Amino acid sequence: SGESSGEKRFVMSLLHSDLAQFLTTVNYLRANDDSNNHSTGRKNSILQSLIDSALRSSLQFNASHLVDFHEQLLLPCPMKVNRVGPLTCSPGGLMITNKRIYFQPSRINST
């Protein structure tokens, strides 16, 4: 990171993200980062909408993990849920079949 005339530069590489999608998100955040005109609640709302969008796009139910392959899926797509444990909150998808309820972690946490 070089500094000239007070400007900082950072070098980073993306391991699990598409560059075009990343730049679209960064530009969206920069366009909405008018610190004087947005309250903290508005900024949190903008960030939460980006997180929700990422979770929705990563929610897929892998039917190969069914205990019984004769089970019928009762939902058209997994519901976005959080599995809450001691000191943890893991986002993922909930699927209901005619026999069981399944939770699969979101791919957003996988690296």
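Conventions we followed
Residues numbered from 1 in each chain as written. Predicted model: local features only at pLDDT ≥ 70, side-chain atom pairs only at ≥ 80, totals over all residues. Heavy atoms only, no water. Helix = DSSP H or I, 4+ residues; strand = E, 2+ residues; numbered from the N terminus. Contact = heavy atoms within 4.5 Å. Areas by Shrake-Rupley, 256 points an atom, 1.4 Å probe, with all protein chains shown as cover. Pairing = 2+ DSSP bridges. Axes fitted to C-alpha atoms, helices over the stretch in contact; angles between N-to-C directions. Patch = residues over 30% accessible without salt bridge, like charges linked within 9 Å, V, L, I, M, F, W, Y side chains within 5 Å. Salt bridge = Lys/Arg side-chain N within 4 Å of Asp/Glu carboxyl O. Buried < 20%, exposed > 50% of the residue type's maximum accessible area, 1.4 Å probe, protein only.

Caption draft 1: The arrangement of the overall build of the chain in detail. Assigned secondary structure in the chain consists of two helices and five strands. The N-to-C order of helical and strand elements in the chain reads β-β-α-α-β-β-β. The long-range share in the chain, meaning contacts at least 24 apart out of those at least 6 apart in sequence, stands at 36%. When the accessible surface of the chain is summed, it comes to about 8,800 Å², and 54% of that surface belongs to carbon and sulfur atoms.

Caption draft 2: Highlighting the sheet that holds strand 4 (residues 88-96). Reading across from one edge, 3-4-5 is the order of the three strands in this open sheet, with antiparallel pairing throughout. Strands at the two margins of the open sheet, each flanked by one partner only, are strand 3 (79-85) and strand 5 (101-105). This sheet shows a mean twist of 45° between the axes of neighbouring strands, independent of strand direction. As paired strands, strand 4 and strand 5 are joined by five bridges and run antiparallel to one another. Opposite Gly93, over in strand 5, you have Gln104 as the bridge partner.

Caption draft 3: Region of interest: a nonpolar patch on the surface. Together, Tyr28, Leu29 and Leu47 make up an exposed nonpolar region whose accessible area comes to about 240 Å². On the secondary structure map, Leu47 appears in helix 2 (residues 40-58). Residue classification places Leu47 among the partly exposed residues on the basis of a relative accessible area of 41%.

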